[in-house]
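Here are the chains, one letter per residue:
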Amino acid sequence: MTTTSAKPIVLTGDRTTGPLHLGHYVGSLRSRVQLQDQAQQFLLLADAQAMTDNAGKHQKVTENVIEVALDYLAVGIDPAKSTIFIQSQVPELAELSQYLMNLVTVSRLERNPTIKDEIRQRGFERDIPAGFLAYPVSQAADITAFRARLVPVGDDQLPMIEQTNELVRRFNSTVGQDVLVECEAVLSCVTRLPGIDGKAKMSKSLGNAIALGASEDEIRKAVNLMYTDPNHLRVDDPGQVEGNVVFAFLDAFETDVAKLDALKAHYRRGGLGDTVLKRLLNEHLQEAIRPIRAERERLATDRGEVLRILRVGTERARDAAARTLSAVKRALGLNYFDHTELASGAR
Ligand code: TRP
């Protein structure tokens, strides 16, 4: 192909349904900041995908594009190193997904385990929006349009990667050439942060999240509310570390491993109170969020600058996607006007 870059191409993204939280920070944002030096990184603000299960709530989706972009920039994603772009503004992605759509069956889409879960969670039952059922195909277009080899995602997205690679193989064998490239999921090595209530997943819609722009007060309150060990009634009682949200957070934010191990041992033995642990965690979270919140607030006063960054990123993304799309269309014979005899208007 035309471009050979030494750095691997990485693509990932987020639906723009709300500002991001600490769970995103620990699970993905931190590693994106590191990855941007080693890879050619594309970050997609998945507004079009967010619309697939938010029909009628398009305003929520569009308003949060800026919010998620602010989160990216505030944690240290550098637009000079990473390409941040808005999915809906790259029409090549929709066009590519239209051709990929012919290579998948409705029953295969219905078998995608993540889609099945999401259908249940959203209560769609038999009233499944067609765009929603087909979003794994659009996600395959997002990935393949950029020739991405690596896709950092949570484990719930593994079925999407599998479907992407199925589509790549089917497309390439259909046209008899290797036009699209297969990709690989990169799973975050830090375990998922639980919600402050102890539910498996931190999520804004469950109301158990700590936002990246949280105030000092909000952080302190969230830490105080954190679920610990309900049987650890007196300081002297032995406590349980497993399933204890404060320890799950300390695992992600206490870098002194020896100190953390000692705290766990002490807690298990008895004699270590929740208040002491929560005070320590509060200090770590305050320290982690303080610079993010400050940068977020600074950027939020300059929306013009954020939009400029998104426009530049989106133009760069369009160029890359357009190159793949023309290769795809050429392979399908959809390049009617490429031929010089037609272009020169020979009669
Ligand atoms: N599905 C992802 C999510 O739920 C967002 C997303 C859209 C994505 N397109 C992508 C992730 C392509 C990785 C690659 O957040």
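Residues numbered from 1 in each chain as written. Predicted model: local features only at pLDDT ≥ 70, side-chain atom pairs only at ≥ 80, totals over all residues. Heavy atoms only, no water.

## Quick look at the domain arrangement of the chain
Moving on, step 1. Per the domain assignment, the segments of the chain are domain 1 (9–193 + 303–346) and domain 2 (216–298).
Moving on, step 2. Once you take the C-alpha centre of each, domain 1 and domain 2 turn out to be 36 Å apart.
Moving on, step 3. Contact residues are listed per partner, giving 13 residues for domain 1 and nine residues for domain 2.
Moving on, step 4. Counting each side, the surface lost to burial between domain 1 and domain 2 is near 910 Å², with a carbon and sulfur contribution of 71%.
Moving on, step 5. A per-residue breakdown of the area domain 1 buries against domain 2 is headed by Leu22, Ala74 and Leu193, which together make up 52% of the total. (Domains from an automatic or database assignment. Contact = heavy atoms within 4.5 Å. Buried area = accessible area lost by both parts, 1.4 Å probe.)

## Overview of the environment of lysine 7
Moving on, step 1. Within the secondary structure layout, lysine 7 lies in the segment before strand S1 (9–15).
Moving on, step 2. The sequence separation of lysine 7 and leucine 307 amounts to 300 residues, and the corresponding C-alpha distance is 27 Å. (Helix = DSSP H or I, 4+ residues; strand = E, 2+ residues; numbered from the N terminus.)

## Looking at the pairing of strand S3 (residues 82–86)
Moving on, step 1. The buried fraction of S3 is high, at five of five residues.
Moving on, step 2. Covered by surrounding structure in S3 are Ser82, Ile84 and Ile86 together with Thr83 and Phe85, the residues of both alternating faces.
Moving on, step 3. Note: strand S2 (residues 40–46) against S3, five bridges, orientation parallel. For leucine 44, the partnering residue across the bridge sits in S3 and is phenylalanine 85. (Buried < 20%, exposed > 50% of the residue type's maximum accessible area, 1.4 Å probe, protein only. Pairing = 2+ DSSP bridges.)

## Re the side chain of glutamate 118
Moving on, step 1. As for its position among the elements, glutamate 118 is in helix H6 (residues 113–122).
Moving on, step 2. At 2.8 Å, the side chain of glutamate 118 and the side chain of tyrosine 135 are in polar contact.
Moving on, step 3. Excluding its chain neighbours within four sequence positions, the residues that come into contact with glutamate 118 are Arg15, Phe132 and Tyr135. (Polar contact = N/O pair within 3.5 Å; in protein donor to acceptor, adjacent residues only side chain to side chain.)

## Things to note about the packing of helix H4 (residues 91–100) against helix H14 (residues 303–331)
Moving on, step 1. Put simply, H4 and H14 touch, their axes get as near as 9 Å, and they point 25° apart. In terms of orientation, H4 and H14 fall into the roughly parallel class. Of the two elements, H4 crosses H14, and the hand of that crossing is left-handed. Contacts from Pro91, Glu92, Leu93, Glu95, Leu96 and Tyr99 in H4 reach Arg318, Ala321, Ala322, Leu325, Val328 and Lys329 in H14.
Moving on, step 2. Classifying every residue of the contact of H4 with H14 gives eight nonpolar, no polar and four charged. (Axes fitted to C-alpha atoms, helices over the stretch in contact; angles between N-to-C directions. Parallel < 35°, antiparallel > 145°, perpendicular 65-115°, else oblique. Left-handed = near helix turned anticlockwise from the far one by under 90°. Nonpolar A, V, L, I, M, F, W, Y, C, P; charged D, E, K, R; others polar.)

## Observations concerning the site of the ligand
Moving on, step 1. Around the ligand, a shell composed of 14 residues is seen, among which Leu44, Gln49, Gln139, Asp142 and Gln157 lie nearest.
Moving on, step 2. With respect to the ligand, the side chain of arginine 15 contributes an N or O atom lying 3.4 Å from an oxygen atom.
Moving on, step 3. Glutamine 139 is positioned with one of its side-chain polar atoms (N or O) 3.0 Å from a nitrogen atom of the ligand.
Moving on, step 4. Expressed as a share of its isolated accessible area of 360 Å², the protein-covered part of the ligand is 90%.
Moving on, step 5. Top contributing element to the shell around the ligand by residue count: S1, with five residues.
Moving on, step 6. Looking at the shell around the ligand, its residues break down into six nonpolar, five polar and three charged. (Near = heavy atom within 4 Å. Areas by Shrake-Rupley, 256 points an atom, 1.4 Å probe, with all protein chains shown as cover.)

## Things to note about the pattern of salt bridges
Moving on, step 1. Taken as a whole, this structure holds 22 salt bridges when the rule is applied.
Moving on, step 2. Notably, a salt bridge pairs aspartate 197 with lysine 199, separated by 3.7 Å at the nearest N-O pair.
Moving on, step 3. When its relative accessible area of 49% is taken as the criterion, lysine 199 is described as partly exposed.
Moving on, step 4. Close ionic contact of arginine 234 with aspartate 237 constitutes a salt bridge, the shortest N to O distance being 3.9 Å.
Moving on, step 5. On the basis of relative accessibility, which here comes to 60%, the residue arginine 234 falls in the exposed class.
Moving on, step 6. When salt bridges that share partners are traced, they join Arg15, Asp53, Glu118 and Arg122 into one network. (Salt bridge = Lys/Arg side-chain N within 4 Å of Asp/Glu carboxyl O.)

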